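Spelled out, the chains give:
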Amino acid sequence: MPVNPWPSSSELIRVLPEIILTAAGTLLMMLDVSIGRRGRNAYGHAAMLALCAALAGAVYAGAIPGSAFGGMLLVDGFASFFRVVVILVGILTVLTAYRFLAREGAEAGEFHALLLFSIVGQCVMAAANELIMIFIGLEISSIASYVLAGYLRDDKRSNESALKYFLLGSFATAFFLYGAAVTYGITGTTTLTAVRNVVIGQNAPSPLFIGLAAALMFVGLGFKVSSAPFQVWAPDVYQGAPTPVTAFLSTGPKAAAFAVMLRIFMTALEPVGANWEPIVWASALASMTIGNFAALTQSNVKRMLAYSSIAHAGYVLVALTARSDDGTAAAMFYLAAYAMMNLGAFVVVGHLSGKGERYQSVEDFSGLARKQPLVAGMLAIFLLSLIGVPLTGGFFGKFYIFKAALQSHLVWLTVLGLLNSAVAAYYYLRLLVMMYMREPGEAAENIEPLSAGQGAALLVPALATLILGIFPGWVLDFAGKSSTLVK
């Protein structure tokens, strides 16, 4: 019986978000050549339309779970959850980019096309069930991200950011590929479920080679999530990249990379968790400690939030170290909450920084509450959530992570994580003191009125942060059901 080389209609529906975003990104590139800067806002409107359609496609595809393209993609609740998260991050990035691109006189067409292509890669990563497909999604996302980091070509900080990100990212990708090659060499397959079956079979490979493959892949993915000791790129890249790009890099690609990490380590390598748990344990502790203590000394807010991002990667690694369905669900919940609160914080930084991104120091936030109390209030919500104050998404995220860790008898890691959270309160509260207890400085005096796009990009994350802190059940229930499907 002849084999049909074409994908079925159900398979096409399962990759509908990727199809929509790829087509829209290609169209934007073509329009950029033909109409140039004349349609600056039109590019943003088209990107927004494509992302909204992709979001609807992701929800629709999630209603008919299954595999696509010979099992290389697996669309389940886990994949749908992360697809929705990265697409929402993309929507909010587009909203905040309207004002930024106009203010800096930057090209809008290429920016939005690259943003869509990066999200395509992240959607592929979230649904990938095969190591080569994970690599393809990783590269699609990364290459677009490298260009976005250096998007302001006349800004030396942006150029330096892109160069460091590209060079170190290339090395990290090589480590992941070596890990995939070792996995194929010892198992004869690159499909995650098949690798798992080989690992638990009678002719299981040597634990030494399984541990080597896990370590190599962890290095590659550890770079993408900026976990210690692979975090050195993050502060320079976050500071030098355009602020909307920094907001995007700190949330979307990080969530997609953690989705891959959870999928690999909780599917293919879950039976040999005792081999890789000490590595993840050490990285989690190092990430929390280095990130929080380095953030204490920062005077630039973007660098402070970069080190904060390293610390938050450590909290998610605590959930992975738990090696349980509850840990996976807690990581999913935390990544959704973190995406909202961190992106919202960067939107405020971009709003205050002004043309040329001049105002980025902690002192520049002095008196913001007197000039724009609504903006200061929403930033306060994001900062309190990053600390983990009750009634915010960050509180329940940390609560569920440490609860899962205790259930897996990771007592010392939980205690050290809680102590790190206490340290983090200092540098977040320092910003609150500046906003509410100091006289307005030059930055606050010269701040522009909030645009409609920026207002929406602040309001949505603020509401999401509060909803996740007051009614966490519906997201956690979905994450709990989805986490069991990872295996």
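Everything numeric here is computed off the predicted structure, so don't read it as measured data.

S.K.: Mind showing me how you'd approach the environment of Asn 446 here?
M.R.: On the secondary structure map, Asn 446 appears in the loop between α20 (442-445) and α21 (452-470). Among the residues examined, Asn 446 registers a relative accessible area of 47% and is labelled partly exposed. Once the C-alpha coordinates of Asn 446 and Gly 354 are considered, the two residues, 92 residues apart in sequence, prove to be 8.2 Å apart.

S.K.: Help me understand empty space enclosed by the protein, please; the structure alone is not making it clear to me.
M.R.: Applying the stated criterion to the full structure yields two cavities of 30 Å³ or more. As for the largest cavity, its lining consists of 15 residues, of which Ser 142, Tyr 165, Lys 224, Pro 253 and Lys 254 are closest to the centre. Ranked by residues supplied to the lining of the largest cavity, first place goes to helix α6 (residues 131-149) with four residues. Within the lining of the largest cavity, the residues separate by chemical class into nine nonpolar, four polar and two charged. By volume, the second largest cavity amounts to about 60 Å³. Thr 96, Phe 100, Arg 103, Thr 243, Pro 244, Ala 247, Phe 346, Val 347, Gly 350, His 351 and Gln 454 together form the lining of the second largest cavity. Mapped by element, the contributors of at least two residues to the lining of the second largest cavity are α4 (77-104), α11 (243-249) and α15 (325-353). Here the lining of the second largest cavity gets four residues from one element, more than from any other, and that element is α15. The residue inventory of the lining of the second largest cavity, partitioned by class, reads five nonpolar, five polar and one charged.

S.K.: What should I look at first to understand the state of the cysteines in this one?
M.R.: One covalent bond between the sulfur atoms of two cysteine residues makes up a disulfide. Evaluation of the coordinates by the stated rule reveals zero disulfides. Free cysteine Cys 52: the closest other cysteine sulfur is in Cys 123, separated by 14 Å. Cys 123 sits in the buried class, given a relative accessible area of 0%.

S.K.: Help me understand the pattern of salt bridges, please; the structure alone is not making it clear to me.
M.R.: One side chain can pair with another of opposite charge once the charged atoms of both are near each other. A full pass over the atoms with the stated rule returns 13 salt bridges. As a salt-bridge pair, Arg 323 and Glu 277 come within 2.8 Å of each other at their nearest N and O atoms. With Arg 323 in the loop between α14 (301-322) and α15 and Glu 277 in helix α13 (residues 273-295), this pair connects stretches of sequence that are 46 residues apart. On the basis of relative accessibility, which here comes to 31%, the residue Arg 323 falls in the partly exposed class. Classification of Glu 277 as buried rests on a relative accessible area of 18%. Measuring nitrogen to oxygen at the nearest pair gives 3.2 Å for the salt bridge that ties Glu 445 to Lys 371. Of this pair, Glu 445 sits in helix α20 while Lys 371 sits in helix α16 (residues 368-371), placing them 74 residues apart in sequence. Among the ionic contacts, a cluster of salt bridges with common partners joins Glu 160, Lys 164, Asp 236 and Arg 303.

S.K.: What exactly am I supposed to notice about α6 here?
M.R.: For an α-helix the count is 3.6 residues per turn, leaving residues at separations of three or four pointing the same way. Between its first and last C-alpha atoms α6 spans 26 Å; for 19 residues at 1.5 Å apiece the expected length is 27 Å, and the two agree. Put simply, Glu 130 is the residue that caps the front of α6, since its side-chain oxygen is 3.0 Å from the backbone nitrogen of Ile 132.

S.K.: Is there a simple way to explain the packing of helix α3 (residues 40-62) against α4 in this structure?
M.R.: A packed helix pair is summarised by two numbers, namely the angle formed by the two axes and the spacing between the axes. The N-to-C vectors of α3 and α4 enclose an angle of 170 degrees; their axes lie 9 Å apart at closest approach. Classified by the angle their axes make, α3 and α4 are roughly antiparallel.

S.K.: Can you help me understand the nonpolar core in this one?
M.R.: Most often, soluble globular proteins keep nonpolar side chains buried together rather than apart. Grouped together as the largest cluster of nonpolar side chains are 174 residues, with contacts concentrated most on Phe 82, Ile 87, Ile 264, Leu 269 and Phe 365. Sorting elements by how many residues they give to this core places α15 first, with 20 residues. Once residues lying within four places of it in the same chain are set aside, the contact partners of Ile 264 are Leu 131, Ile 134, Phe 176, Leu 192, Met 217, Leu 221 and Leu 269.

S.K.: Can you walk me through α15 in this structure?
M.R.: Its 29 residues give α15 an end-to-end C-alpha distance of 42 Å, which sits within 8% of 42 Å, the value for a rise of 1.5 Å per residue. Extensive coverage of α15 is indicated by the burial of 27 of its 29 residues. Gly 354 sits one or two residues past α15 and shows a positive phi near 75 degrees.

S.K.: Can you walk me through the side chain of Thr 392 in this structure?
M.R.: By the secondary structure assignment, Thr 392 is in the loop between α17 (373-387) and α18 (393-407). Overall, the relative accessible area of 6% leaves Thr 392 in the buried class. Excluding anything up to four places from it in sequence, Thr 392 contacts Ile 381, Leu 384, Ser 385, Thr 465 and Gly 469.

Criteria and cut-off values
- Residues numbered from 1 in each chain as written.
- Predicted model: local features only at pLDDT ≥ 70, side-chain atom pairs only at ≥ 80, totals over all residues.
- Heavy atoms only, no water.
- Helix = DSSP H or I, 4+ residues; strand = E, 2+ residues; numbered from the N terminus.
- Buried < 20%, exposed > 50% of the residue type's maximum accessible area, 1.4 Å probe, protein only.
- 1 Å grid on protein atoms, 1.4 Å probe; cavity = no way out; pocket = protein on both sides within 12 Å on 5 of 7 lines; lining within 4 Å.
- Points joined across faces, edges and corners; volume = space filled by probe spheres on them.
- Nonpolar A, V, L, I, M, F, W, Y, C, P; charged D, E, K, R; others polar.
- Disulfide = S-S within 2.5 Å.
- Salt bridge = Lys/Arg side-chain N within 4 Å of Asp/Glu carboxyl O.
- Expected span 1.5 Å × (residues − 1).
- Polar contact = N/O pair within 3.5 Å; in protein donor to acceptor, adjacent residues only side chain to side chain.
- Axes fitted to C-alpha atoms, helices over the stretch in contact; angles between N-to-C directions.
- Parallel < 35°, antiparallel > 145°, perpendicular 65-115°, else oblique.
- Core = buried A, V, L, I, M, F, W, Y, C linked by side-chain atoms within 4.5 Å.
- Contact = heavy atoms within 4.5 Å.

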